[in-house]
Amino acid sequence: MTGKAFDIGECIFYFFKRFGENPVGVIWIAVCQALVVGALAALAVSLLGPAYMSLFELAMQDASGSLSEAEIEQEVLAMMGPFLASIPLIGLLGIVSALMFQGAWLRLLTRGEVASVIPFRFGGDELRLLGVNLLYIVVGIAAYIGIVIAAVVVGLVAAGVFAAGDGSMAGGMATGLIAFLGVLAVSIIVVVFCIRLASAPGLTMVDRKVRFFESWTASKGVFWHLALSYLVVAGLILVLTTVLGTLIQLVFLGALMPLVMEFAQMAEGGADLMPEEVFAMLQETLGNPGVVVGLVTGLVLGYAMQIVFEGMWHGVGAYNAVRYRAGGDVEETDSPTLTSDHPAGASPSEG
C-alpha cells in the first residue's frame, strides 16, 4: 500500500485543515488541556509550595544568624521528606496527562475524531503511544551512544592527523576539516532518522497498533517532501514566534508597567526593600483588575500560540501517516513488509 501522492502544501497546513473541519473540537481540546494543566500546576504548587516557602524562610533565618548549622540541617531534612514524596506523584500525573493530550490531538489529526464530553482518555490509544514514546527513548539512547563512539573515533583520527602534521598549519586545517565533516555527518544521520521515524505516532493511531519502524517505510520516497515540509513549518514558527512573541511581551509589559516604574523609582531613591515589602507590592499589583486582564490576555495568547505551533509541527508526521494509509484499511493480520534500507533490515523472503 503506497497511499496517495504527497501534497506539500496540504502537509504544511494540515493542522489548519483539521481545524477548519472541526474548529469547535480543536478549541474544546485546547480549553480542556488548559484546565488540566492548570489543575496540575495548582496541585504542584500546593504540594511543593510549602517546601519552597519553608526553604525561603530558612534562608532568611540563616542570614540573620538565628539558627545553628545543626538546626538548619534538621529543618532541611524535615522539609525534604514531603518534597521528595510528592515528586513521583507529580511526575506520574504529568506522564499520564501528556499521553492523554497526545492521544486527543492525534485522534483529531489522523482520524478526525474528538472524544465526546471530555476529549481525554487513557485507553488503548494512549498505551500504544506510551510504547512508541518508549521506543523513541530507546532509539535516542542508542543514538547517543553511537554519537559518543563516533565523536571518540573522529577525535582520535583528528588527533592522529594533527600529530602527523607536526602541529603545522596544514595539519591544523586538516584536523579542523575532519572534525567538521564528522559533526556534519552525525548531524545529517540524526536528522534523517528523526524525519523518517516521525510518522510513528500517527501510524500507531491510524492502525490502532504499535507502529514504529514502519514509519521508515511510510517515509520512503517522500523523505525530501517531509524534510521540506518540516523546514517550511520551522520557518513559519520562527516568524510567528517573533511577531506574536513580541506582541505577548508588550501585553505583559503593559500590565506590569506600574510595578516596574515603582521599583525603578525606589531604586533611584536608594530604597532598601525587604522581601516582605516586595511580596506586598506584587500582591497589590495583582489585585488590580486591569493588570489581571492584561496578564490573562498574555497567557491566553501564549497558550494559543503554543497549541498552533505544536499542531503545525506534529501535523507533518500525522499527514504522512494518513497519506500512506489512504486507499484501504490495514487488516488485523497484516504484517508490514520491510525493505533493505530499513533500520531493522529487510523482511525475510518466502521460498
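For every chain, the first residue of the written sequence is number 1, and numbering continues from 1 onward in sequence order. Only residues with pLDDT of at least 70 get local features here, since the model is predicted, and only at 80 or more are side-chain atom pairs given and counted; chain-wide, interface and lining totals rely on the full set of residues. Side-chain measures were taken over the full set of non-hydrogen atoms in the model, leaving aside hydrogen atoms and water.

Take the overall build of the protein next. Numbering of helices and strands starts at the N terminus; helices are DSSP runs of H or I of at least 4 residues and strands are runs of E of at least 2. Each helix and strand in the protein was counted, giving eleven helices and zero strands. Seen in sequence order, the protein has helices and strands lined up from the N terminus as α-α-α-α-α-α-α-α-α-α-α. The buried label applies to any residue whose accessible area, calculated with a 1.4 Å probe on protein chains only, is under 20% of its type's maximum; exposed applies above 50%, and partly exposed to all values in between. Burial statistics for the protein: of 351 residues in total, 28% are counted as buried. In this description, accessible areas are obtained by the Shrake-Rupley approach with a 1.4 Å probe, and a residue is regarded as covered only by the protein chains that are shown. Surface accessibility of the protein: about 20400 Å² in total, with carbon and sulfur atoms responsible for 72%.

Our focus in this paragraph is the environment of Ala-34. Along the chain, the position of Ala-34 falls in helix α3 (residues 23-64). Note: C-alpha distance between Ala-34 and Tyr-303 (269 residues apart in sequence) is 8.1 Å.

We now examine the packing of aromatic side chains. When the centres of two rings from Phe, Tyr and Trp lie within 6.5 Å, Trp using its six-membered ring, the rings pair. Their planes under 30 degrees apart give stacked, over 60 give edge-to-face, and anything left gives tilted. As enumerated under the stated definition, the model contains eleven aromatic pairs in all. When the ring of Phe-13 is compared with that of Phe-16, the centres are 6.3 Å apart and the planes differ by 50 degrees; the resulting orientation is tilted. For Phe-16, a relative accessible area of 34% corresponds to the partly exposed category. Centroid distance Tyr-230 to Trp-313: 4.8 Å. Interplanar angle 55 degrees. Geometry classified as tilted. Within this pair, whereas Tyr-230 is found in helix α9 (residues 223-268), its partner Trp-313 is found in helix α11 (residues 289-325), the two being separated by 83 residues in sequence. Relative accessible area serves as the criterion here: at 10%, Tyr-230 is assigned to the buried category. Taken together, the aromatic side chains of Phe-13, Phe-15, Phe-16 and Trp-105 make up a single cluster linked through ring pairs.

Note on placement: Asp-207 falls in helix α7 (residues 200-207). Residues Asp-207 and Val-322 lie 115 residues apart in sequence; the distance between their C-alpha atoms is 9.8 Å. There is a polar contact of 2.9 Å between the side chain of Asp-207 and the side chain of Arg-211. Two N or O atoms form a polar contact when they lie within 3.5 Å of each other; inside protein one atom must be a possible hydrogen donor and the other a possible acceptor, and for residues adjacent in sequence the pair counts only when both atoms belong to side chains.

To continue, consider the pattern of salt bridges. Any Lys or Arg side-chain nitrogen located within 4 Å of an Asp or Glu carboxyl oxygen qualifies as a salt bridge. In this structure the tally under the stated criterion is eleven salt bridges. Its salt-bridge partner being Glu-10, residue Lys-17 comes within 2.6 Å of it at the nearest N-O pair. A salt bridge links Asp-207 to Arg-325, with the nearest nitrogen and oxygen atoms 2.7 Å apart. Here Asp-207, found in helix α7, pairs with Arg-325, found in helix α11; they are 118 residues apart in sequence, far enough to count as distant. Ionic contacts of the salt-bridge type, sharing partners, join the residues Arg-107, Arg-111, Glu-113, Asp-125, Glu-126, Arg-128 and Arg-208 into one network.

Our focus in this paragraph is unusual backbone geometry. Positive phi, normally seen in glycine, also occurs at Val-117, with a value near 60 degrees. Relative to the assigned elements, Val-117 resides in the loop between α4 (69-111) and α5 (124-164). If you check the backbone angles, Arg-208 has positive phi at about 60 degrees while not being a glycine. Within the secondary structure, Arg-208 is located in the loop between α7 and α8 (214-218).

Once that is clear, we can look at the confidence of the model for the protein. Of all residues in the protein, 67% attain a pLDDT of 70 or more, and the chain-wide mean is 79. Overall, residues 331-335 carries pLDDT values under 50, and its contacts beyond four positions in sequence, including any with other chains, amount to five contacts. Confidence of the predictor at the level of single residues is given by pLDDT, which spans 0 to 100. Two residues form a contact once any of their heavy atoms are found within 4.5 Å. Within the model, the stretch residues 347-351 combines pLDDT values under 50 with three contacts to residues more than four positions away or in other chains.

Time to look at a nonpolar patch on the surface. Each patch is built from residues lacking any salt bridge and having more than 30% relative accessible area; the joining distance is 9 Å for like charges and 5 Å for nonpolar side chains (Val, Leu, Ile, Met, Phe, Trp, Tyr). A cluster of nonpolar side chains, contributed by Leu-134, Ile-137, Ile-141, Tyr-144, Ile-145, Val-148, Ile-149, Val-152, Val-153, Leu-156 and Val-157, occupies part of the molecular surface with about 1000 Å² of accessible area. For Leu-134, a relative accessible area of 46% puts it in the partly exposed group.

What follows is about helix α2 (residues 14-21). Burial in α2 covers these residues: Tyr-14, Phe-15 and Arg-18. With its buried residues spanning 105 degrees around the axis, α2 presents them on a single face. This arc is taken over the directions from the axis of the helix to the C-beta atoms.

Our next topic: the environment of Val-24. With respect to the element layout, Val-24 can be found in helix α3. The sequence separation of Val-24 and Val-114 amounts to 90 residues, and the corresponding C-alpha distance is 9.7 Å.

Next up on the list: the nonpolar core. As used here, the term nonpolar core means buried Ala, Val, Leu, Ile, Met, Phe, Trp, Tyr and Cys residues forming a set that is joined through side-chain atoms within 4.5 Å. Judged by nonpolar contacts, the single largest core of 36 residues is most densely connected at Trp-105 and Phe-120. Elements with a minimum of two residues in this core: α1 (8-12), α2, α3, α4, α9 and α11. Examining the composition of this core, we find that eight residues originate from one element, α4, more than from any other. Apart from the residues within four sequence positions on either side, Trp-105 is in contact with Phe-15, Val-26, Ile-29, Ala-30, Gln-33 and Ile-307. One finds Val-132, Ala-200, Phe-212 and Trp-216 within the second-largest nonpolar core, a separate group that totals five residues.

Burial of α7 is extensive: seven of the eight residues sit out of reach of the surface. Those residues of α7 that fall on the buried side of the exposure criterion are Ala-200, Pro-201, Gly-202, Leu-203, Thr-204, Met-205 and Asp-207. Backbone geometry just downstream of α7 places Arg-208 in the positive-phi region, at approximately 60 degrees.

We now examine the side chain of Glu-126. On the secondary structure map, Glu-126 appears in helix α5. Taking the relative accessible area as the measure of exposure, Glu-126 reaches 1% and is therefore buried. Here the side chain of Glu-126 touches Arg-107 through a polar contact of 3.0 Å, side chain to side chain.

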